[in-house]
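What follows is each chain in one-letter form.
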Amino acid sequence: MAAAPQTLYEKIFKSHIVHDDGKGNILLAIDRHLVHEVTSPQAFEGLRKAGRKVRRVDQTLATVDHNIPTISRKTYKDTKTFVEESNSRTQCLTLEDNVKEFGLTFFGLTDNRQGIVHVIGPEQGFTLPGATIVCGDSHTSTHGAFGALAFGIGTSEVEHVLATQTLPQKKAKNMRIQVDGQLGPGVTSKDIVLHVIGIIGTAGGTGCVIEFCGSAIRQLSMEARMSICNMSIEGGARAGLIAPDEITFEYIKGRPLAPKAGKEWEDAVAYWKTLPSDEGAKYDVEVKIAAEDIPPTLTWGTSPQDTVAITGVVPDPSDVQDEKRAATIKRSLEYMGLTPGTPMEQVKLDKVFIGSCTNSRIEDLREAAKILYGRKIASHIYGMLVPGSGLVKKQAEAEGLDKIFTAAGFDWREAGCSMCLGMNPDQLAPGERCASTSNRNFEGRQGAGGRTHLMSPAMAAACAITGYLTDVRKFASGRVGSEADKPAFEVQVTDSKAYLGETPLHVPADTPEGAQTGQTDEDKIRDVPASTTSSAAASGGTPSGSSRKFTVLKGIAAPIDRENVDTDVLIPARFLKTVTRAGLGKSLFYRDRYDDSTGKENPDFVLNQDPWRQARIIVSRDNWGCGSSREHAAWALDDFGVSCVIAKSFADIHHNNLLKNFLLPITMSDAEQLEACMDAAKRGEEIEVDLPKKTVKLASGQSFAFEMDEWSQHCLVNALDDIELTLAKEEHIAAYEEKRRQTTPWLEGPKARKLEAKPVSKMEAKAASGKLDW
Ligand SMILES: CC(C)[C@H](C(=O)O)[C@@H](O)C(=O)O
Ligand code: SF4
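Residues numbered from 1 in each chain as written. Chains lettered and ligands numbered in written order. Predicted model: local features only at pLDDT ≥ 70, side-chain atom pairs only at ≥ 80, totals over all residues. Heavy atoms only, no water.

The protein chain goes by 3-isopropylmalate dehydratase in an unreviewed UniProt entry, where it is assigned to Jaminaea rosea. The record in UniProt for the protein chain states the following under Catalytic activity (unreviewed entry): "(2R,3S)-3-isopropylmalate = (2S)-2-isopropylmalate". As recorded by UniProt, the Function (unreviewed entry) comment attached to the protein chain reads in full: "Catalyzes the isomerization between 2-isopropylmalate and 3-isopropylmalate, via the formation of 2-isopropylmaleate." (UniProt positions renumbered as here; feature names shortened; annotations may be inferred.)

Quick look at the structure:
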């Protein structure tokens, strides 16, 4: 019998199964792990405490991106003096120490290859089709543009991958979004993805991996495809995927970590060509969109699904039937300082930010440069242009783009996450309004009280010129008002590979013994502790052990009567600058609980009122915990005293993070039951949750059954440490690794493949010679 047709996702998933217990609990092999300073300190600390090593140093790549200032590095001496803010500095220094201790490849601040994790992976050829790629970062979905299964994880999972190079997973559903036809003028891949999220909503992809296909997608460059997959997380999906094709292969060829020219390359391409979904493969959800229907699109509100055509107006909540939705719109408009009915093009801006892992690659910069060429930005606008990596910067400068930006009045910065999230010095002031090429417009995302409109780089450039939200089509032809005679600008396009240096990644000289690749010899395999018993110490700081056993919980439930409570709201980015898990309870719902300028409590917020100050349970609505992968949100709930969240639905990564911390997420999809819980919470009553019986009991005597898979229930009830459980499967992991060495050898890291290492920049040469402190 012929094998059933498979989707691209199914093929990658299946080929990475290390162990399957037959009940849907899969141990999945991870080929690539990207690490950054914010979500890794606690993971390394866990390894250290448990005396564990990084299993596959060669498949791990670290950099600093979120916390670092993007000012000139000309005077950089060391991280200690360069990063002024003390908590950010500690995180950056902690990563520098950790990469040294564990022997990881690291692109630090003196390295041209440093940049946003999701820019540098593809740039180096670290990201490859058919691979599984993870990072403690929700936008890992970006790498799906290569036909890789790439998804964000929390810090506990980062620790798990570092220790085992695997992750326990359940299979996701298949969703297909097909975009056919020709894009109109001024419409880019960013407009496609904003339009898609506007249609499916931020919970539309929950539980799914989205495959983007159709003629409009096939025509896109790799950069454009990355912008789409990047934002699939904003559509709630676990990952986004685009089938690899000639455009993909051409992009990868010759990059430092790409398969070597010759047989390895040919074998890899032959394998990659088997990956696209088979004819007749089944999808659980399908969406079809005509490219012609996509206008230049931007957001008006505080959720990425709040999209509107640039020719549209600010929506009016009174036009909306659904009361809850109307209330959400009203709240967003208040936050955004917008009046219903106002034409979008009449909204005045203060700042323009072009950058972030969505749109900071060379093509994005070229698109912005085409609009900005020979023009000046409005006098009231501050414009910030932040390349995604040192190599993107170098290429942009070689192409003369930096001159166009600075002549127009933009600030040309160094690589980093910058104003995408309020974590480093680049932030909006309260009330400031920004046209931004980033991916999240949550409340306070770019700085407390800041207002964000998401859009494409070309539209952001047009906005900078007029100082208002602006239809890019007015500029796309190079003609606008009295500027009709402006010469059109032709970018002198260069090949990005010319900037990579001739050599592959350097690997640290003194890799700790035994932490390196190729653990084929039996002694090493036996060295790994294979006990299945759980102990708090063994988890190295992961909150496990008998004290965390979750059985019956009775306590006050607090109503958070909103949908889409994102993790930026649960804990703003500035509180993520910590290297421990402790003490985050005071930052939970910070902006709701306190007046940011005075630090005074807001008496109107439910968690500041009695009896809800003592809440042990939270009741909320759809899509709880969407957005960022920050496990800090789970730690903050835990530290505040909340052990259970009852919601209509959960975002995938946060759901996992709750479980890893022995907090119970209860999905209550039945509208009446959820309403009864919400009402009980509003009355300040206690709710009883019985996990072994899987029931929720209200003071009224009503009792509801909830669903939870057996394995998660078992782990919570017994407070199991899953790293230890996985290490017990060492034989399976080793066998998988051996198979991979035979079948897809290009997935081994540079050292294992004996790729030689040389520095690519002067600064790096200095670093390699030991003159810098890393
Ligand atoms: C810091 C990190 C956990 C976070 C994420 O997961 O996305 C960040 O990159 C963000 O964009 O909010
Ligand atoms: S979304 Fe922003 S903060 Fe998160 S990785 Fe991308 S650039 Fe960095």
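Undergrad: Please clarify how the pattern of salt bridges should be interpreted in this entry.
TA: Charged atoms that come close allow side chains of opposite charge to pair. Counted under the stated rule, the structure contains 50 salt bridges. A salt bridge links Arg-581 to Glu-159; its shortest N-O distance comes to 3.9 Å. Here Arg-581, found in the loop between helix H19 (567-570) and helix H20 (590-593), pairs with Glu-159, found in helix H6 (residues 155-164); they are 422 residues apart in sequence, far enough to count as distant. Glu-159 shares its class with Arg-581; the two are buried. Because the salt bridges share partners, they merge into one network encompassing Asp-31, Arg-55, Arg-56, Asp-58, Glu-730, Glu-737, Glu-738, Arg-740, Arg-741 and Glu-748. (Salt bridge = Lys/Arg side-chain N within 4 Å of Asp/Glu carboxyl O. Helix = DSSP H or I, 4+ residues; strand = E, 2+ residues; numbered from the N terminus. Buried < 20%, exposed > 50% of the residue type's maximum accessible area, 1.4 Å probe, protein only.)

Undergrad: Can you walk me through the sheet that holds strand E21 (residues 617-619) in this structure?
TA: Note: strands within a sheet are paired through backbone hydrogen bonds, in either parallel or antiparallel orientation. With mixed pairing, the seven strands of this open sheet are ordered in space as E23-E22-E21-E20-E24-E25-E26. Each edge of the open sheet carries a strand with a single partner, namely strand E23 (664-667) and strand E26 (703-705). For this sheet, the mean inter-axis angle between neighbouring strands, taken without regard to orientation, is 25°. Two elements, strand E20 (residues 552-559) and strand E24 (residues 686-690), share five bridges in a ladder whose sense is antiparallel. In the sheet register, Lys-554 faces E24, and the bridge partner there is Glu-688. This element, helix H23 (residues 671-682), spans E20, E21, strand E22 (644-647), E24, strand E25 (695-698) and E26 of the sheet and lies at about 80° to E20. (Pairing = 2+ DSSP bridges. Axes fitted to C-alpha atoms, helices over the stretch in contact; angles between N-to-C directions. Contact = heavy atoms within 4.5 Å.)

Undergrad: Is there a simple way to think about helix H12 (residues 323-336) in this case?
TA: An α-helical turn contains 3.6 residues, so any two residues separated by three or four positions project in the same direction. Taking 1.5 Å of rise per residue, 14 residues should cover 20 Å, and H12 covers 20 Å from first to last C-alpha, within 8% of that figure. Among the residues of H12, Ala-326, Ile-329, Ser-332, Leu-333, Tyr-335 and Met-336 are the ones counted as buried. Looking at the buried positions of H12, the neighbouring elements they touch are strand E18 (433-436) and strand E19 (451-454). (Expected span 1.5 Å × (residues − 1).)

Undergrad: Before we go on, may I ask you to explain the UniProt feature "domain: Aconitase A/isopropylmalate dehydratase small subunit swivel" (unreviewed entry) in the protein chain in this structure?
TA: UniProt's feature table lists "domain: Aconitase A/isopropylmalate dehydratase small subunit swivel" (unreviewed entry) at residues 549-670, given in the numbering used throughout. Secondary structure across residues 549-670 comprises 21% helix and 16% strand; the distance between its end C-alpha atoms is 27 Å.

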